[in-house]
Amino acid sequence: MSLQSPPPATAAAELLLPAVGDKRFLLACGMKEESAGDPPSAEALGAEHEQGVAEAEEAGKESEKLPPRLNDTSTASGGLEMGPKSDISPFNSFISTISQKKEDAGSSPTQFVIADLKNVKELPPLGHDVRQKQRNCIDTLPVEMKVSIPPEAPLPIQTKTVKDFQEDVEKAKLSGEWKTVYEFYSTTFDSFSEVNTTFKKYSDAPCNSIEDCRVDIKFVNAVYDALIITPQDIQKCVLKGTINGLLQEWKGSRTKDDLRAYFILIQNPLFSNASTYVIYAHLLRQIAALTEGDHHFLVHWFKKMSQKRLKMIIERLLQFVSLRLFPAKPEELPPGEKCNWWIPSATKVLSLFNAANNLANPPIIPYTDFYNSTLDHIDLMEEYHNWQCYGNSPRFSFCQYPFIISIAAKKVIIQRDSEQQMINIARQSLVDKVSRRQRPDMNMLFLNVKVRRMHLVSDSLDELTRKREDLKKKLKVTFVGEAGLDMGGLTKEWFLLLIRQIFHPDYGMFTYHKDSHCHWFSSLNCDNYSEFRLVGALMGLAVYNSITLDIRFPPCCYKKLLSPPIVPCDQNTPVGIGSVTIDDLCQVMPELAHGLKELLAYEGNVEEDFYSTFQVFQEEFGVIKCYNLKPGGDKIPVTNQNRKEYVQLYVDFLLNKSIYKQFAAFYYGFHSVCASYALMLLRPEEVEILVCGSPELDMNALQKHTQYDGYQKTDVTIRHFWEVVLEFPLELQKKLLHFTTGSDRVPVGGMADLNFKISKSEASTDWLPIAHTCFNQLCLPPYKTKKELKEKLTIGISNAEGFGLE
């Protein structure tokens, strides 16, 4: 990829420079070139710009003589050269503004001026160093931002209602006379002010809230829903009016009416058509170039949208990016080198919607709806290396906006980054060996772990501690006293046995909560936390070596694991301290969380009825111990006024402070293996999927990718097997997967990555099926009937525990 950051929306004339695609689009819409809006007079803008405007008009007639567009250079397509630097503020500064809750927008007014096309100056660099702040996406936003309210000018009041409009449309459909509807659309979309006149809701009360967009959403939806079924000339007039609005010359900062117009125009369903992409691109560019304060308003307005409407806009934006990367009909779009700013602009607007979705509680749509699978087919490692190497330049990289990259693509990045680190470590070991004139040994290229089955945990801990420098080499496991080469099966068996032993309740490291079906760290103090470091290293090795583990941690564990995603240089910096809420506690201890929620909702006198103080009581080895939640907490009663603080401190104590040493060791163990900047691309949910796999099962896909040994897929036993499995309820399907693979989850790559095999067992049909979990292999006797197969298979998968029957 070689993309330029979006150029600043600083010139009305730049919109008037018709690229080949712009002019073709206007003609296709049946418009004259001047219908897009007359350029400002040369006298008003200064005689020095007359030549530039004249050149632009001439370029529209003779595309082969087209001058470079503003901020386009010939270096844009030359490998890593990305063109001149843009003056759009980087989105990570937007993030910092949000986190600091600045009082004002903090940006100078955006003004439109005609730039000298022949003397385009380089603008100041943007972006922060790659080591500091790389993720240009927003995961959280404060509920309310104190930003200055843009001014609102008085507008004429629209008398037409939603009902009136819908009646006009129905009459037009019956009579075929669309004149009234045409006039409505033509007037409404002629300018930003007309858009506000039609859709703005009026109220005598002052608007001081960032949440209130004062747009008649119902009216907007009705107008856009009807637009799709209107005659083509009506759709053309809407697009023509949109061009007029985008071409208007801005003098000073945007008003709230301008933001309201952008909010409405971005929802236009006509932008699903590739023939409208020239206009759509300019709309996206102007939205991307708004100030941070303006973006705050839009984000809070976007989060009020319905799931259906938001999803449609996201799909439209993703399609825009995909078709710009891989156009189905290249002749429909301007040349790629002339519009390098299209994809950066669209991606930044997508980040606003992603911020809005994360701000909503619960999210409006799943985070996976922002994935663009088209990016799976580009050079992701080039994107990743550009992101790493050019963090303080305006070069665009999709890694700046990781929410758009699918988990499958991120896994590819992490795996290749891991492989490269493995190769580098192994190569260095080989060089060191040769430099000391020692004979090279192939074993030096691997992390060789030798353990005794009877001393599995202690041997594993000793091996990983002693070979700490080799953790990033390819893992190979040997069980002492047993013959056999590790082709993957022994490694998986080592993981399975070790995880089962460490997470056993008798071991005391983790507590299993039946209500939430997950494990959590024991808060009991101990002298040595090295075993927690071992568990972290195991998780890191699993990700590093593409092994799926049967571990049940709550989501907040992975949130803490990325706090921060890169190990700080200062060892005194706290790690693993996540921003936790009562919803996080609900995922671990639902009953306790329910009780705290009842405390928050209690309408009586909390102090007199509950008689609680700012303390926590815990049982440790049969002894009740109490801990103050704050200094002097034993003397501070919980009241109606401070109960929110009490609940937050309680949650923070249980999920952070009481297990800090345990989790810090776990954190350092994980990052000792997975120390990679690729982790900054991941959401906590995605780390969980990489470690444990996805809970989404597709048994049809499993059937498609299953291998057979001794059977053919057309054999009666196999046909019966799949008929039974596909009829199973989800719970039994999960048990089958757990029985044969050791986990009821699917790897990131899907069922194809399981390498599932069904082998013919020579045992009697009176026997139950058996499984080799190390090889994802099911040994199935040739049962004579479907009923017998279903009965034996159900018994086997429902009662299996470890390596035998329960």
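Residues numbered from 1 in each chain as written. Predicted model: local features only at pLDDT ≥ 70, side-chain atom pairs only at ≥ 80, totals over all residues. Heavy atoms only, no water.

### Some remarks on the overall build of the protein chain
Inclusion rule: Strands are runs of DSSP state E lasting at least two residues, helices are runs of H or I lasting at least four, and both sets are numbered from the N terminus onward. In this scheme, a residue with accessible area under 20% of its type's maximum is buried, one over 50% is exposed, and one in between is partly exposed, where area comes from a 1.4 Å probe on protein chains only. Only heavy atoms matter for contacts: two residues are in contact if any of them lie within 4.5 Å across the pair. Every accessible area reported is derived by Shrake-Rupley at a probe size of 1.4 Å, with residue values counting cover from the shown protein chains alone.
When its secondary structure is counted, the protein chain shows 31 helices and 12 strands. Put simply, the protein chain has 806 residues, and 52% of those count as buried. Within the protein chain, counting contacts between residues at least 6 apart in sequence, those at least 24 apart form 77% of the total. Here the protein chain has roughly 37,600 Å² of accessible surface; of this, 52% comes from carbon and sulfur atoms.

### Re the environment of isoleucine 551
Mapped onto the fold, isoleucine 551 is located in the loop between α20 (530-544) and α21 (555-561). Residue isoleucine 551 is classed as buried on the basis of its relative accessible area of 2%. Taking the C-alpha atoms as reference points, isoleucine 551 and glycine 693, separated by 142 residues in sequence, lie 9.8 Å from one another. If we ignore the near neighbours within four places in the chain, the residues touching isoleucine 551 are Ile499, Phe503, Met539 and Cys692.

### Focus on the packing of aromatic side chains
Quick reminder of the rule: The pairing test for Phe, Tyr and Trp rings, Trp by its six-membered ring, is centres within 6.5 Å, and the orientation test on the planes gives stacked under 30 degrees, edge-to-face over 60, and tilted for anything in between. We count a charge as sitting over a ring when the NZ of a lysine or the CZ of an arginine lies within 6 Å of the ring centre and within 35 degrees of the ring normal.
Tallying each qualifying case throughout the model produces 46 aromatic pairs. On the basis of an interplanar angle of 75° and a centroid distance of 5.4 Å, the ring pair of phenylalanine 199 and phenylalanine 219 is categorised as edge-to-face. Here phenylalanine 199 is found in helix α8 (residues 192-199), whereas its partner phenylalanine 219 is found in helix α9 (residues 217-227), with 20 residues between them in sequence. For the pair shown, phenylalanine 199 and phenylalanine 219 are each scored as buried. An aromatic cluster of at least three residues, connected via ring pairs, comprises Phe503, Phe510, Trp520, Phe521, Tyr529, Phe532, Phe553, Phe663 and Phe666. The ring of tryptophan 341 has arginine 285 sitting right over it, with the charged end atom 5.3 Å from the ring centre.

### Concerning helix α15 (residues 342-359)
Test applied: Under the convention used throughout, the expected extent of a helix is 1.5 Å for every residue step, that is, one less than its residue count.
Taking 1.5 Å as the rise per residue, α15 with 18 residues should run 26 Å; its terminal C-alpha atoms sit 26 Å apart, in good agreement. When you tally the buried positions in α15, you get 18 out of 18 residues, the bulk of the element.

### Considerations on the pattern of salt bridges
Pairs may arise between side chains of opposite charge once their charged atoms sit close together. Quick reminder of the rule: By salt bridge we mean one thing: a side-chain nitrogen of Lys or Arg within 4 Å of a carboxyl oxygen of Asp or Glu.
Counting across every chain of the model gives 28 salt bridges. Note that arginine 552 is salt-bridged to aspartate 550, the shortest N-O span being 3.4 Å. Judged by its relative accessible area of 27%, aspartate 550 falls in the partly exposed class. For aspartate 744, the salt bridge identified is with arginine 552, shortest N-O distance 2.5 Å. Note that aspartate 744 is positioned in the loop between α30 (730-741) and β8 (757-760) and arginine 552 in the loop between α20 and α21, a separation of 192 residues in sequence. Taken together, the shared-partner salt bridges connect Lys200, Asp257 and Arg260 into one network.

### Examining the nonpolar core
The condition that has to hold: As used here, the term nonpolar core means buried Ala, Val, Leu, Ile, Met, Phe, Trp, Tyr and Cys residues forming a set that is joined through side-chain atoms within 4.5 Å.
Membership of the largest hydrophobic core comes to 184 residues, with the highest contact counts inside it found for Tyr185, Phe353 and Trp494. Among residues more than four places away in sequence, those in contact with tyrosine 185 are Phe165, Val223, Ala226, Leu227, Thr230, Ile234, Cys237 and Val238. In terms of nonpolar packing, the next biggest core, distinct from the first, is built from 25 residues, Tyr711, Phe728, Leu780 and Ile797 among them.

### Some words on helix α16 (residues 380-389)
Cut-off, in case you're wondering: Any pair of N or O atoms that falls within 3.5 Å is considered a polar contact. Within protein, one atom must be able to donate a hydrogen and the other to accept it, and sequence-neighbouring residues count only if both atoms are side-chain atoms.
Counting buried positions along α16 gives seven out of 10 residues, so the element sits mostly inside the fold. Those residues of α16 lying buried are Leu380, Met381, Glu383, Tyr384, Asn386, Trp387 and Gln388. On the buried face of α16, the contacting elements are α17 (407-435). The backbone nitrogen of methionine 381 has a side-chain oxygen 3.4 Å away, supplied by the residue at the start of α16, namely aspartate 379.

### Thoughts on the pairing of strand β4 (residues 518-521)
Where a strand is regular, its side chains alternate between the two sheet faces. Heads up, the condition is: Paired strands, in this sense, are two strands between which DSSP finds at least two bridges.
Side chains of β4 alternate between two faces, with Cys518 and Trp520 and His519 and Phe521 buried alike. By the bridge criterion, four bridges tie strand β3 (residues 510-513) to β4 in an arrangement that is antiparallel. Along β4, the bridge assignment pairs tyrosine 512 with histidine 519. Where β3 folds back on β4, the antiparallel hairpin that results is connected by four residues, among which histidine 517 adopts a positive phi of roughly 55°.

### With respect to the side chain of asparagine 372
Mapped onto the fold, asparagine 372 is located in the loop between α15 and α16. Its relative accessible area of 3% is what places asparagine 372 among the buried residues. At a separation of 3.1 Å, a polar atom in the side chain of asparagine 372 contacts the side chain of serine 322.

### Observations regarding the packing of helix α7 (residues 179-188) against helix α10 (residues 232-247)
Axis angle and axis distance: for two packed helices, these are the angle between their axes and the distance between the axes, and together they describe the pair. Selection criterion: Axes here refer to lines fitted to C-alpha atoms; in helices the fit is confined to the stretch in contact. Angles between the N-to-C directions go from 0 to 180 degrees. In this scheme, roughly parallel covers angles under 35 degrees and roughly antiparallel covers those over 145, while 65 to 115 is roughly perpendicular and the rest are oblique. Note on convention: near helix rotated counterclockwise from far helix by under a right angle means a left-handed crossing. Clockwise means right-handed. Only Asp, Glu, Lys and Arg are considered charged, only Ala, Val, Leu, Ile, Met, Phe, Trp, Tyr, Cys and Pro nonpolar, and every remaining residue, Gly among them, polar.
Packing of α7 against α10 leaves a shortest axis separation of 8 Å and a crossing angle of 15°. Judged by the inter-axis angle, α7 sits roughly parallel to α10. In the crossing of α7 with α10, the sense of the turn from one axis to the other is right-handed. Taken together, the residues of α10 that come into contact with α7 (itself represented by Val181, Tyr182, Tyr185 and Ser186) are Asp233, Ile234, Cys237 and Val238. Along the lines of polarity and charge, the residues of the contact of α7 with α10 split into six nonpolar, one polar and one charged.

### Some details on the sheet that holds strand β9 (residues 770-772)
Within a sheet, each strand pairs with its neighbour through backbone hydrogen bonds, oriented either parallel or antiparallel. Pairing within the open sheet is mixed, and its four strands lie in the order β7-β8-β10-β9. Of all strands in the sheet, those with a lone pairing partner are β7 (707-709) and β9, marking the two edges. With strand direction ignored, the average angle separating the axes of adjacent strands in the sheet is 25°. Here β7 runs beside β8; their pairing, made up of three bridges, is parallel.

### Quick notes on the pairing of strand β1 (residues 446-451)
Stated precisely, the cut-off is as follows: Handedness rule for crossovers: strands pointing away from the viewer, path from the first strand over the helix to the second running clockwise, crossover right-handed.
The pairing of β1 with strand β2 (residues 474-479) spans six bridges and is classified as parallel. What sits directly across from leucine 447, in β2, is leucine 475. Chirality of the crossover, the property in question, places the unit of β1, helix α18 (residues 456-466) and β2 among those that are right-handed.

### Thoughts on the state of the cysteines
Stated precisely, the cut-off is as follows: Only a pair of cysteine sulfur atoms within 2.5 Å qualifies as a disulfide here.
The full count for this structure, using the stated rule, is zero disulfides. Unpaired in this structure, cysteine 518 has its nearest cysteine sulfur neighbour in cysteine 556, at a distance of 7.8 Å.

### Observations concerning the environment of glycine 742
With respect to the element layout, glycine 742 can be found in the loop between α30 and β8. When neighbours within four sequence positions are excluded, glycine 742 is seen to be in contact with Leu496, Asp550, Leu737 and Thr773.

### A few points about the packing of helix α6 (residues 162-175) against α7
Contact pair α6 / α7: the axes reach a minimum separation of 8 Å and the direction vectors enclose 135°. Judged by the angle between their axes, α6 and α7 are oblique. Residue-level inspection shows Phe165, Asp168, Val169 and Ala172 of α6 in contact with α7, the latter providing Thr180, Val181, Phe184 and Tyr185. For the contact of α6 with α7, the class distribution of residues is six nonpolar, one polar and one charged.

### Remarks on unusual backbone geometry
With omega at 5°, the peptide bond leading from asparagine 361 into proline 362 counts as cis. With an omega dihedral of -5°, the bond running from serine 563 to proline 564 counts as a cis peptide bond. As for its position among the elements, proline 564 is in the loop between α21 and α22 (582-586). The phi angle at arginine 214 is positive, at roughly 55°, despite the residue not being glycine. Along the polypeptide, arginine 214 turns up in the loop between α8 and α9. The residue asparagine 776 is not glycine, and still its phi comes out positive at about 55°.

### So, the side chain of lysine 473
Turning to its location among the elements, lysine 473 is positioned in the loop between α18 and β2. Here lysine 473 falls in the buried class, since its relative accessible area comes to 3%. Setting aside residues no more than four positions away along its own chain, lysine 473 makes contact with Met422, Ile425, Ala426, Ser429, Met444, Leu445, Phe446 and Leu447.

### Some words on the confidence of the model for the protein chain
When pLDDT drops low, the exact placement of atoms in the prediction is not to be read closely. The condition is simple: Every residue is assigned a pLDDT by the predictor, reflecting its confidence on a scale from 0 to 100.
Of the residues in the protein chain, 77% have a pLDDT of 70 or more, and the chain-wide mean is 79. Contacts from residues 4-146, a stretch scored under 50 in pLDDT, to residues over four places away or in other chains number 298 contacts. Contacts of residues 802-806 to residues separated by more than four positions or lying in other chains number nine contacts, the stretch itself having pLDDT below 50.

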